[in-house]
Every structure is written in C-alpha cells, then in structure tokens.
Amino acid sequence: MTRKSVLGEVREVQLAIQLIQLGARLQFLESEVGLSRERLIRLYKEIKGVSPPKGLLPFSTDWYMTWLANIHSSMFYNMYQFMKIHSDKEKVWILIKSYKLYLQQIAAQDSEPILDFTRAYTMVRFFDSDMLQLSTCCRCSGQFVAHAHDHKSGYVCVLCRPPSRAGKARGAKRAAAGEVAALGIEGMGFGVETAPGGTGLH
C-alpha cells in the first residue's frame, strides 16, 4: 500500500490554491493537481465562494488570431518561451510564473488582461500539439502567434498591419469615461523588440 507524503499533499494544495486564484478551470485542476475531484471542488468553493464553472475548455485556435487577442497571446507566449528556456521548473510552474508576469505587465500599463488563464493554458497545449506556431513579422521582427503551417515568408503582424477598426470601440469607451488616450502601440502595454537576438515583445 502506497503511503501518501504529507509534504507532497501540502504542495499539491498550494499548487491548487495558486491555480484557482489565477482562474484555472476544474478540468485543468484535475489534469495538473493530484487531489481528488471532491477536494478540488471544495477548495474552489472556499477560495472563490462559488462552484467551479462548467462547460468545455476552448477548442478553437481562431480566437488567438483576432487583433487584440493575438497581441496579448503573443506577449504571453514570448514570456512563456523565455521562462521555459531559462527555468528548470516543472511546466505547470512555468505557466503560473509566465501568467503572473503577463498580469503584471498589463497592470503596469493600467490596462485590462484579454488573455485569461484558461486561454493561456489552452494555447500552450495548442503549441504542444503543433496547431499553433510563432511567426516572425518581416517588418518589426516580433514573434507572433499564428496558425501552424502558415507561410512564414512575408508575414506581417497585427501591430504593423492592424485592421481598420482596431481599437475604435475601446477608444470610445475611454473617451466616455473621460480618459483622453490614443490607443496605439504604446498604449498596448508593450513594444516590439527589433534588435537582433531580442525576445520579440517586451
């Protein structure tokens, strides 16, 4: 009979708490945390005060291709890639640290996160399944999320070639709230690293 480690169980609970606080769905918790479903649900209710949401996880890569979602997704995945290369931590901890860094960058610019934790987790799985890739913009050299097997030659990112109505809805909301701020590259919270060897977005 296998005896459970008390310290190991404490680490599992700590991991579950961090994931729940970041907004992880129950399906993700069950796949990454070695606690029973009943304990995870009880823990979720204690932390969030409500039952975990039901429903399927995102299953389409198309959401990551829209203008604003692509910018935020690309910023997060560049951070994740950097952490993955320079850290010896387990994948789930790299995901947690990358997402916290993403939230810090967004908060520093007084903006709102577009990419939630479930979307971030699902995107990493899409990359692992070879459904997404990073493509290099031929104008700014930034690395952006794109469909796998798309042509990389001549790729132009959503920052260098935004859609005609990009940012207009958000700009109207800000103007209504008395915020006079032009929504451009600077307003998105990050720029594009154009120096050779740069990590893409920063």
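Each chain carries its own residue numbering, running from 1 in the direction its sequence is written. Restriction of local features to residues with pLDDT of at least 70 applies here, the model being predicted, together with a cutoff of 80 or more for giving and counting side-chain atom pairs; totals for whole chains, interfaces and linings are based on all residues. Note: side-chain values were computed over all heavy atoms of the structure, leaving out hydrogens and water.

For Phe, Tyr and Trp, rings pair up if their centres lie within 6.5 Å, where Trp contributes its six-membered ring, and each pair is then called stacked (planes under 30 degrees apart), edge-to-face (over 60) or tilted (otherwise). In the structure shown here, the tally under the stated rule is 11 aromatic pairs. On the basis of an interplanar angle of 85 degrees and a centroid distance of 6.0 Å, the ring pair of Tyr-64 and Phe-126 is categorised as edge-to-face. Linking Tyr-64 in the loop between helix 3 (37–48) and helix 4 (67–86) with Phe-126 in helix 6 (residues 117–128), this pair joins segments that are 62 residues apart in sequence. A 1.4 Å probe rolled over the protein chains alone gives each residue an accessible area, and that area as a share of the maximum for its type sets the label: buried under 20%, exposed over 50%, partly exposed in between. Given a relative accessible area of 7%, Phe-126 falls into the buried group. Pairing Phe-76 with Tyr-102 gives two aromatic rings, centres 6.4 Å apart and planes at 85 degrees, and the pair type is edge-to-face. One end of the pair, Phe-76, is in helix 4; the other, Tyr-102, is in helix 5 (residues 91–108), with 26 residues separating them in the sequence. Helix and strand assignments come from DSSP, with helices taken as H or I runs of at least 4 residues and strands as E runs of at least 2, each series counted from the N terminus.

To define a nonpolar core, start from buried Ala, Val, Leu, Ile, Met, Phe, Trp, Tyr and Cys residues and group those joined through side-chain atoms within 4.5 Å. Counting residues in hydrophobic clusters, the biggest one holds 39 residues, and the most contacted among them are Leu-19, Leu-29, Phe-76 and Met-123. When contributions to this core are tallied by element, the ones reaching two or more residues are helix 1 (6–22), helix 2 (26–32), helix 3, helix 4, helix 5, helix 6 and strand 1 (132–136). The source of the domain bounds is an automatic or database domain assignment. Here this core spans two domains, and each of domain 1 (1–56) and domain 2 (57–163) adds at least three residues to it. Only heavy atoms matter for contacts: two residues are in contact if any of them lie within 4.5 Å across the pair. Contacts of Met-123, omitting those with residues within four sequence positions, involve Tyr-64, Ser-73, Phe-76, Tyr-77, Leu-115, Leu-132 and Val-145. Core analysis: the next-biggest nonpolar cluster, separate from the first, contains 11 residues, Leu-68, Phe-144, Val-156 and Val-158 among them.

UniProt positions are given in the numbering used here, feature names are shortened, and annotations may be inferred rather than shown by experiment. The UniProt entry lists Cys-137, Cys-140, Cys-157 and Cys-160 under the feature "binding site: Zn(2+)" (unreviewed entry), expressed in the numbering used here. A maximum C-alpha distance of 8.3 Å among these annotated residues, which run over 24 residues, shows that they cluster at one spot. By the element assignment, Cys-140 lies in the loop between strand 1 and strand 2 (143–147). With respect to the element layout, Cys-157 can be found in the loop between strand 2 and helix 7 (168–176). Cys-157 sits in the buried class, given a relative accessible area of 1%.

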